[in-house]
Amino acid sequence: MTTLQDCRALDAQDPLRKLRDLFTIPPGVIYLDGNSLGVMPAAAPARVAAAVTQEWGEGLIRSWNSAGWFGLPQKLGNKIASLIGARPGEVVATDSTSVNLYKVLSAALNIAAQDAPQRRVIVSERSNFPTDLYIAQALCRERGYQLQLIEPEEINTALTPDVAVLMLTHVNYRTGAMHDMGAVTAAAHAAGALMVWDLAHSAGAVPVDLHGAGADFAVGCGYKYLNGGPGAPAFVWVHPRHAERFWQPLAGWWGHAAPFEFTPEYRPAPGVARYLCGTQPILSLTALECGLDTLLAAQPLGGMAALRQKSLALTDLFIALVEERCAGHGLTLVTPRPHAQRGSQASLSCQSGAYAIVQALIARNVIGDFRAGDPSTSSGRAGSPDILRFGFTPLYIGFEEVWRAVEHLKQVLESAEWQRPEFNQKQAVT
Ligand SMILES: *Cc1c(COP(=O)(O)O)cnc(C)c1O
């Protein structure tokens, strides 16, 4: 059995340990929710304050040029590109994940309509993050397409000659299950469909190789593992073979080839820049850059490959300790055990009280989160259970914290503390 002393030794030997100093973490907090909102980079307050007081306060409108505001979507896009197997100039940081998905899905449908107009179906997973499904539903209503929802093991059989686009999230937000991006993309292409990936739980969490996989489109989130702050801009990647084939649907002036010519006719910018729409949230982009810089600081230490190795060591330890020390309390691992099949989180299902257990842990400064199950049945299966979700950001989580988090979980379960009424009141954000 791994002891607290063993965990301290692992931290002492960890070459990534010093990266924790790049963050401001409240003392005593064990933060296992970086998959939902990343921790604040220590550089962010001063950097954002300088953007407010100097760039905005003194530079005023000159800062669009002098402070480089105008080029921030591309500058940050290039930093993100280095984390996801994209090339410089192929990514922009902008808008939200939902809005970016609307843009790329719309472009993908335009391409499909031209190349294979008989294909009228978008396939996705029933357990995808709902906003992705809602955006697809909106596009289907607009254009008379059909959204077909499947279970992960049904992908190959679902790829019929009717399918225009396969739209998947690489790492599932509830279970942490990860698709084989290369194999799934190849299957989609072999079946004549385009592949759209959502990297919300992958970018900054696991190595991603969009070019290696030959993917067509990708979007992802700025405030999760990229540590960009609440509501941080998201990102969008389009393979160069598609980038200039169609307009994106939100053809605003920031995506114009020459916005400051103010011509009445839209002329799309070359490459991915046409995926910009309107004026960007500069203060939010400034904070996002601080988050991206924490990941780039890991590059001399082995980058995403080293972070991945540590993330797997942390989640392996968490799973082993929960199974050893919390046995007999009805917890079951929902996340797949094989390394190649999971992201940087561990999810546990629980016979009862999942929400209250998470609340009791939060009261002890161990912050994870709860995701409600889906009581409906799909494909004849039982509905999915309530989940306790723990995200592990290897930039700032250490092995001793994993040990302590499991110790708190054990105490919460053994003392039945979670049954207290205050832990059973649901709040608006869970
Ligand atoms: C977090 C997440 C989003 C978030 O979308 P927003 O538009 O930023 O609210 C979208 N899709 C997936 C798969 C996510 O995990």
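Fair warning: this is a prediction, and the values are worked out from it, not measured in the lab. (Residues numbered from 1 in each chain as written. Predicted model: local features only at pLDDT ≥ 70, side-chain atom pairs only at ≥ 80, totals over all residues. Heavy atoms only, no water.)

Asks: Hey, could you run me through the sheet that holds strand 9 (residues 217-220) in this one?
Replies: By definition, the strands of a sheet pair up through backbone hydrogen bonds, in either a parallel or an antiparallel sense. Pairing in this open sheet of seven strands is mixed, and the strands run 4-10-9-8-7-5-6 from one edge to the other. Two strands lie at the open edges of the sheet, namely strand 4 (91-94) and strand 6 (146-150), each paired on one side alone. Across the sheet, the mean angle from the axis of one strand to that of its neighbour is 20 degrees, orientation sign disregarded. Relative to strand 9, strand 8 (residues 194-198) runs parallel, the two sharing three bridges. Within the sheet, the bridge partner assigned to Trp-197 lies in strand 9 and is Ala-218. (Pairing = 2+ DSSP bridges. Helix = DSSP H or I, 4+ residues; strand = E, 2+ residues; numbered from the N terminus. Axes fitted to C-alpha atoms, helices over the stretch in contact; angles between N-to-C directions.)

Asks: Help me understand the pattern of salt bridges in this model?
Replies: Opposite charge on two side chains permits them to pair, given that their charged atoms come into close proximity. What the rule picks out here adds up to 22 salt bridges. For the salt bridge of Asp-316 with Arg-342, the shortest nitrogen-to-oxygen distance reads 2.5 Å. A residue pair is termed long-range when its members are at least 10 positions apart, and Asp-316 in helix 12 (residues 303-325) and Arg-342 in the loop between strand 11 (331-333) and strand 12 (345-350) qualify at 26 residues. Salt bridges here are not isolated pairs; linked through shared partners, they connect Lys-75, Lys-79, Glu-289 and Asp-293. (Salt bridge = Lys/Arg side-chain N within 4 Å of Asp/Glu carboxyl O.)

Asks: Can you walk me through the pairing of strand 7 (residues 163-169) in this structure?
Replies: Sheet faces and side chains relate simply in a regular strand, where the side chains alternate between the two faces. The element strand 7 is largely enclosed, with a buried count of seven among its seven residues. Pairing between strand 5 (residues 121-125) and strand 7: three bridges, direction parallel. When the bridges of strand 7 are listed, Val-121 appears paired with Val-163. Note that strand 7 and strand 8 share five bridges and pair parallel. Within the sheet, the bridge partner assigned to Leu-168 lies in strand 8 and is Trp-197. (Buried < 20%, exposed > 50% of the residue type's maximum accessible area, 1.4 Å probe, protein only.)

Asks: What is the right way to read the site of the ligand from this model?
Replies: By nearness alone, every residue bordering the ligand is listed as Ser-96, Thr-97, Ser-98, Phe-129, Thr-131, Asp-132, Thr-169, Asp-198, Ala-200, His-201, Tyr-223 and Lys-224. Between an oxygen atom of the ligand and a side-chain N or O atom of His-201, the distance comes to 2.9 Å. Protein burial of the ligand: of its 390 Å² of free accessible surface, 87% is covered by the chains. When its residues are assigned to classes, the shell around the ligand shows three nonpolar, six polar and three charged. (Near = heavy atom within 4 Å. Polar contact = N/O pair within 3.5 Å; in protein donor to acceptor, adjacent residues only side chain to side chain. Areas by Shrake-Rupley, 256 points an atom, 1.4 Å probe, with all protein chains shown as cover. Nonpolar A, V, L, I, M, F, W, Y, C, P; charged D, E, K, R; others polar.)

Asks: Can you help me understand helix 2 (residues 44-56) in this one?
Replies: For helix 2, every residue scored as buried is listed here: Ala-44, Ala-50, Ala-51 and Glu-55. Of the surrounding secondary structure, the elements contacted by the buried residues of helix 2 are strand 3 (40-41), helix 3 (63-66) and helix 11 (282-296). (Contact = heavy atoms within 4.5 Å.)

Asks: Help me understand the sheet that holds strand 14 (residues 369-371), please; the structure alone is not making it clear to me.
Replies: On the basis of which strands lie adjacent, the open sheet formed by four strands has the order 11-12-15-14 and antiparallel pairing. The two strands at the open ends of the sheet, each matched to only one other strand, are strand 11 and strand 14. On average, each strand axis in the sheet is inclined to that of its neighbour by 35 degrees, with strand direction left out of account. Bridge count for strand 14 against strand 15 (residues 387-391) is three bridges, and the pairing is antiparallel. Across the sheet, the residue bridging to Phe-370 is Leu-388, located in strand 15. Strands strand 12, strand 14 and strand 15 of the sheet are contacted by helix 13 (residues 354-363), whose axis makes an angle of about 40 degrees with strand 15.

Asks: Any chance you could explain unusual backbone geometry here in plain terms?
Replies: The phi dihedral of Leu-60 is positive, around 50 degrees, even though this residue is not glycine. Position of Leu-60 among the secondary structure elements: in the loop between helix 2 and helix 3. The residue Ala-416 is not glycine, and still its phi comes out positive at about 60 degrees. Inspection of the secondary structure puts Ala-416 in the segment after helix 14 (399-415).

Asks: How should the domain arrangement of the protein be read in this particular structure?
Replies: Often, the extent of an interface is quoted as the loss of accessible area upon association of its parts. Along its sequence, the protein is organised into domain 1 (4-31 + 302-423) and domain 2 (49-296). Taking only C-alpha atoms, the centre of domain 1 and the centre of domain 2 are 29 Å apart. Every contact between the two is made by 33 residues of domain 1 and, on the other side, 22 residues of domain 2. Both faces combined, the contact of domain 1 with domain 2 buries some 2,100 Å², and carbon together with sulfur accounts for 55% of it. Put simply, domain 1 and domain 2 have zero salt bridges between them. There are ten residue pairs in polar contact (both at pLDDT 80 or more) connecting domain 1 and domain 2. Looking at which element gives the most residues to the side of domain 1 that touches domain 2, the answer is helix 12, with four residues. Considered class by class, the residues forming the side of domain 1 that touches domain 2 number 14 nonpolar, 13 polar and six charged. (Domains from an automatic or database assignment. Buried area = accessible area lost by both parts, 1.4 Å probe.)

Asks: Whenever I open this one, helix 13 confuses me. Can you help?
Replies: Helical geometry note: an α-helix holds 3.6 residues per turn, so side chains three or four residues apart project in the same direction. Of all ten residues in helix 13, eight are buried; the element is thus mostly enclosed. Listed in full, the buried residues belonging to helix 13 are Ala-354, Tyr-355, Ala-356, Ile-357, Val-358, Gln-359, Ala-360 and Leu-361. Lining the buried residues of helix 13 we find strand 12, strand 13 (366-367), strand 14, strand 15 and helix 14. Just downstream of helix 13, Asn-365 is the residue with a positive phi angle, here 70 degrees.

Asks: Explain the state of the cysteines here, please?
Replies: Defined simply, a disulfide is a covalent bond joining two cysteines at their sulfur atoms. Within this structure, the stated rule accounts for zero disulfides. No disulfide involves Cys-221; its sulfur sits 17 Å from the nearest other cysteine sulfur, which is in Cys-290. (Disulfide = S-S within 2.5 Å.)

Asks: Before we go on, may I ask you to explain the side chain of His-170 in this structure?
Replies: With respect to the element layout, His-170 can be found in the loop between strand 7 and helix 8 (181-190). Not counting chain neighbours up to four residues away, the residues in contact with His-170 comprise Ala-177, Met-178, His-179, Met-181, Trp-197, Asp-198, Leu-199, Ser-202, Val-206 and Val-208.

Asks: Looking at this structure, how should I read the packing of aromatic side chains?
Replies: Within a pair of aromatic rings, the relevant descriptors are the distance that separates the centres and the angle that separates the planes. Counting across every chain of the model gives 13 aromatic pairs. Seen in terms of ring centroids, Phe-129 and Tyr-173 are 5.0 Å apart; in terms of plane orientation they differ by 75 degrees. Their pairing is edge-to-face. You can see Phe-129 sitting in the loop between strand 5 and helix 6 (130-143) and its partner Tyr-173 sitting in the loop between strand 7 and helix 8, a full 44 residues away along the chain. The structure contains a cluster of three or more aromatic residues connected by ring pairs, namely Trp-64, Trp-69, Phe-70, Trp-253, Trp-254, Phe-260 and Phe-262. In this arrangement the basic side chain of Lys-224 is found over the ring face of Phe-129, its NZ or CZ atom lying 5.3 Å from the centre. (Phe/Tyr/Trp six-rings, centres within 6.5 Å; stacked < 30°, edge-to-face > 60°. Lys NZ or Arg CZ within 6 Å of the ring centre and 35° of its normal.)

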